[in-house]
Amino acid sequence: MGRAMLLQRWICPTLLSAGHRSAVLKKETPFTQMRLFTSPSNRHGMAEEAKKLAGYAAVDNHVQNNQVVGVGSGSTIVYAVDRLAERVRQEKLNIVCVPTSFQARQLILQHGLTLSDLDRHPELDVAIDGADEVDAALTLIKGGGGCLTQEKIVAGCAKHFIVIADFRKDSSVLGQQWKKGVPIEVIPMAYVPVSRTIAKRFGGEAVLRMAVSKAGPVVTDNSNFILDWKFEHTHNWKEVNIAIKMIPGVVETGLFVGMAERVYFGMEDGNVGVRDPPVD
């Protein structure tokens, strides 16, 4: 099934659902006028513009005044925070932000937004975050940046979990685009037995993620290690997620199953695609 077939609906000025901000994609909205995708060789530039399109669409459609907003991590969320700060200034919105990582916390502070936490705001109105890969059922792989546990906690506390991504993250099945595996956060002393158990039970290989600019493994914000499980075939992700989490020493997996309410894809042609969960 092609990528276009997987997108259940294309956003255009006349197709926004009721209750969403109808101004987001009118012709006068600056970001919808951008058509910078003219050079097929400039894939990085295309991806960056696509991230911006998705981030702006999510913030304009799902953030309202007097809300508590979960702020995700990664490169795509930077554009969402840019737009959120812009709207707060222009529309005088009262928004409280709860971060999923140190990076998200710094973004919130740098933009002059109100910072909070789950102690003070344990229930969020909406959480917006990126993904490393999204399949046809809105199952996500997250954690390429190492923040999967806090990202999942914040998403789980939100009434609405909205995902933003560029066209490179769109897959019919997990593993089609993202080749680095499923991130799994583990207690440091348990990484060897957990790795062996995963490989034995589910196949593939679970590899300790090593740091790039320092000697030794990547250490999460929670002072844990990350295994990247490079699976060999498609699984029942709900069952596998539960089974892996039951292994002693596992803190959390980067499988987000049945959590995303909607995904916005910034596309190569300058449009924004939106995918909702399949109807059973």
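Refer to the structure above for everything that follows.
Cut-offs and rules
Residues numbered from 1 in each chain as written. Predicted model: local features only at pLDDT ≥ 70, side-chain atom pairs only at ≥ 80, totals over all residues. Heavy atoms only, no water. Helix = DSSP H or I, 4+ residues; strand = E, 2+ residues; numbered from the N terminus. Buried < 20%, exposed > 50% of the residue type's maximum accessible area, 1.4 Å probe, protein only. Expected span 1.5 Å × (residues − 1). Arc of directions from axis to C-beta. Contact = heavy atoms within 4.5 Å. Pairing = 2+ DSSP bridges. Core = buried A, V, L, I, M, F, W, Y, C linked by side-chain atoms within 4.5 Å. Axes fitted to C-alpha atoms, helices over the stretch in contact; angles between N-to-C directions.

### A word on unusual backbone geometry
Inference 1: With a phi close to 60°, asparagine 66 is a non-glycine residue in the positive phi region.
Inference 2: Position of asparagine 66 among the secondary structure elements: in the loop between helix H2 (43-62) and strand E2 (67-71).
Inference 3: The exposure class assigned to asparagine 66 is exposed, which follows from its relative accessible area of 54%.
Inference 4: You will see that serine 223, though not glycine, has its phi angle at about 65°, which is positive.
Inference 5: For serine 223, the position within the fold is in the loop between strand E10 (205-208) and strand E11 (225-230).

### Some thoughts on helix H6 (residues 191-202)
Inference 1: In this model H6 runs 16 Å from its N-terminal to its C-terminal C-alpha over 12 residues, within 8% of the 16 Å that 1.5 Å per residue would give.
Inference 2: The set of residues buried in H6 consists of Val194, Ser195, Ile198 and Phe202. Mapping the buried residues of H6 onto a view down its axis gives an arc of 100°, with all of them on the same face. Opposite the buried face of H6, by more than 90 degrees, sit the exposed residues Arg196 and Lys200.
Inference 3: Its buried side turned inward, H6 meets strand E9 (182-186), E10, E11, helix H7 (237-245) and strand E12 (250-253).

### What about the pairing of strand E8 (residues 158-166)?
Strand residues, when the strand is regular, have side chains that alternate between the two faces of the sheet.
Inference 1: With respect to burial, E8 is a largely interior element, 7 of its 9 residues being buried.
Inference 2: In this sheet, E8 lies alongside strand E5 (residues 124-129) in parallel orientation, the contact comprising 5 bridges. In the strand pairing of E8, aspartate 129 is matched with valine 163.
Inference 3: Here E8 pairs with strand E14 (residues 262-266) via 5 bridges, running parallel. In the strand pairing of E14, isoleucine 162 is matched with arginine 262.

### Structural notes on the nonpolar core
Inference 1: In this structure, Ile128 and Tyr264 are the most contacted members of the largest nonpolar core, which totals 28 residues.
Inference 2: Counting residues per element, this core draws most heavily on helix H3 (residues 77-91), at 6 residues.
Inference 3: Counting 24 residues, the second largest nonpolar core, distinct from the first, contains Ala50, Val68, Leu124 and Val134.

### Section: the sheet that holds E12
Inference 1: The sheet built from 4 strands is open, its strands ordered E10-E11-E9-E12 with antiparallel pairing. If you trace the sheet from one side to the other, it starts and ends with E10 and E12, each paired once. On average, each strand axis in the sheet is tilted by 30° relative to the strand beside it, whichever way the strands run.
Inference 2: Summarising the sheet, E9 and E11 pair through 5 bridges and their orientation is antiparallel. Following the sheet pairing, valine 186 is matched in E11 by phenylalanine 225.
Inference 3: On top of the sheet, H6 reaches E9, E10, E11 and E12; it is set at about 15° to E11, its chief contact.
Inference 4: Relative to the sheet, H7 contacts E9, E11 and E12, its axis offset from that of E12 by approximately 160°.

Function-wise, these values are silent; they only describe arrangement.
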